[in-house]
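Observations on the three-dimensional arrangement
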Amino acid sequence: MTAEVFYDGDADLSIIQGKKVAVIGYGSQGHAHSLSLRDSGVEVVVGLQEGSKSRPKAEEQGLTVKTPAEASAWADVIMVLAPDTAQRKIYAESIEPNLTAGKALFFGHGLNIRFELIKPPADVTIAMVAPKGPGHLVRRQYVDGKGVPALIAIEQDPTGEGQALALSYAKAIGGTRAGVIKTTFKEETETDLFGEQAVLCGGASALVQTGFEVLTEAGYAPEIAYFECLHELKLIVDLMYEGGIARQRYSVSDTAEFGDYVSGPRVINAAVKEEMKAILADIQSGEFTRRLIADDDAGAPELKKFREEAAKHPIEITGAKLRGMMSWVDRPITETA
Ligand SMILES: NC(=O)C1=CN([C@@H]2O[C@H](COP(=O)(O)OP(=O)(O)OC[C@H]3O[C@@H](n4cnc5c(N)ncnc54)[C@H](OP(=O)(O)O)[C@@H]3O)[C@@H](O)[C@H]2O)C=CC1
Ligand SMILES: CC[C@](O)(C(C)=O)C(=O)O
Ligand SMILES: [Mg+2]
Ligand SMILES: [Mg+2]
């Protein structure tokens, strides 16, 4: 089934301009939404805990900051953009007591609603506006007069105005400039988790590390292995991004293209596809989310161990040295005002 796509002409900016919007969190997505909403003429307050390290940043950028509870009490629309694992606690302590009938609760990702970690009352609109890109790109595109495509979803719509409100919000952060696609909380959550685990983050990281290990264990120089397995990946992904896999195959040498067809299916073989299906099944059943939340409840020991082990991988040592030779590569992530 073809997805429904909405553009600027389908969205009425005045709807969100007539609402008070609280954005809870001022990280990757939070800073982008808050600044672009404000620049689109929307009354915005950022919700952050007392002593939050994000507070000075938000205030320096001219935004009003209240506690999550104060911001939720003040707002008509509450957008939750804190980390997924923090959301259920923020909801219970600060949002739920201030969530009166007719308000709208928005999310940038559906995990907490899809897996019922948050169960809002029936008289509240529940919607999603999820840009399909990192927050810093979302903001940069908005500032440049462009936008990152976004998804919207309406889970609960007691007023019948949920879709118009979500589209209006998406317009205020630049989403309808690029195109907004309608989905559901279930579809967005399950596909987002699958994409980041099997392909974009988990799959790609493991592919790069394993390729690097095979070359260095065979005696090749780590510097050469780094260039071949990590550095050049950007060139290849940029080609895919611009013109699909076909443009990548057109642009590389015939030798590389032939090797792609011959060896690609040996790396990502039937067993890998079966494992991807098992990953999807764990996502759909809630097994992955149970593990994520149990780890967070225990103080994140698994996450901390994964991070420590990943930082020790030889590719990180080689990479840090090589990136030091490439002044144009090591660009810090900064908030774009
Ligand atoms: N990262 C991305 O680009 C994308 C994210 N999303 C979704 O957007 C949402 C936000 O993700 P992301 O932007 O990565 O989040 P971040 O990890 O960048 O959020 C950090 C922000 O949340 C604040 N925060 C943490 N705990 C609390 C709390 N208890 N109360 C209030 N604020 C708190 C932090 O404050 P402090 O500075 O005090 O720690 C900081 O301002 C998630 O649902 C995510 O799945 C969707 C698409 C892409
Ligand atoms: C790919 C990771 C992502 O899903 C994203 C930037 O879209 C995330 O959760 O950060
Ligand atoms: Mg994503
Ligand atoms: Mg994600």
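Treat the numbers as computed from the prediction; the structure is a model and nothing was measured.

Within the structure, ligand 2 sits among Asp192, Glu196, Leu200 and Cys201. For ligand 2, an oxygen atom lies 3.1 Å from a polar atom in the side chain of Asp192. The separation between an oxygen atom of ligand 2 and a polar side-chain atom of Glu196 is 2.5 Å. When the free accessible area of ligand 2 is taken as 290 Å², the share hidden by the protein chains comes to 56%.

With that out of the way, let us pick up unusual backbone geometry. The general pattern is negative phi for most residues beyond glycine and trans for most peptide bonds. The backbone of Glu116 sits at a positive phi, close to 55°, despite the residue not being glycine. Secondary-structure assignment places Glu116 in the loop between helix H6 (111-114) and strand S7 (125-131). In this model, Ala300 sits at a positive phi of 60°, which is unusual for a non-glycine residue. Structurally, Ala300 is set in the loop between helix H16 (287-297) and helix H17 (301-312). On the basis of relative accessibility, which here comes to 14%, the residue Ala300 falls in the buried class.

Taken together, 23 residues form the shell around ligand 1, and within it Tyr26, Gln29, Ser52, Ser54 and Asp84 come nearest. A distance of 2.3 Å separates an oxygen atom of ligand 1 from a polar atom in the side chain of Ser54. When isolated, ligand 1 has an accessible area of 910 Å², and the protein chains bury 75% of it. Of all the secondary structure elements, the ones that give two or more residues to the shell around ligand 1 are helix H2 (28-39) and helix H5 (84-95). Sorting elements by how many residues they give to the shell around ligand 1 places H5 first, with three residues. Residues that form the shell around ligand 1 fall into these classes: nine nonpolar, 12 polar and two charged.

Thresholds, definitions, all that
Residues numbered from 1 in each chain as written. Chains lettered and ligands numbered in written order. Predicted model: local features only at pLDDT ≥ 70, side-chain atom pairs only at ≥ 80, totals over all residues. Heavy atoms only, no water. Near = heavy atom within 4 Å. Polar contact = N/O pair within 3.5 Å; in protein donor to acceptor, adjacent residues only side chain to side chain. Areas by Shrake-Rupley, 256 points an atom, 1.4 Å probe, with all protein chains shown as cover. Helix = DSSP H or I, 4+ residues; strand = E, 2+ residues; numbered from the N terminus. Buried < 20%, exposed > 50% of the residue type's maximum accessible area, 1.4 Å probe, protein only. Nonpolar A, V, L, I, M, F, W, Y, C, P; charged D, E, K, R; others polar.

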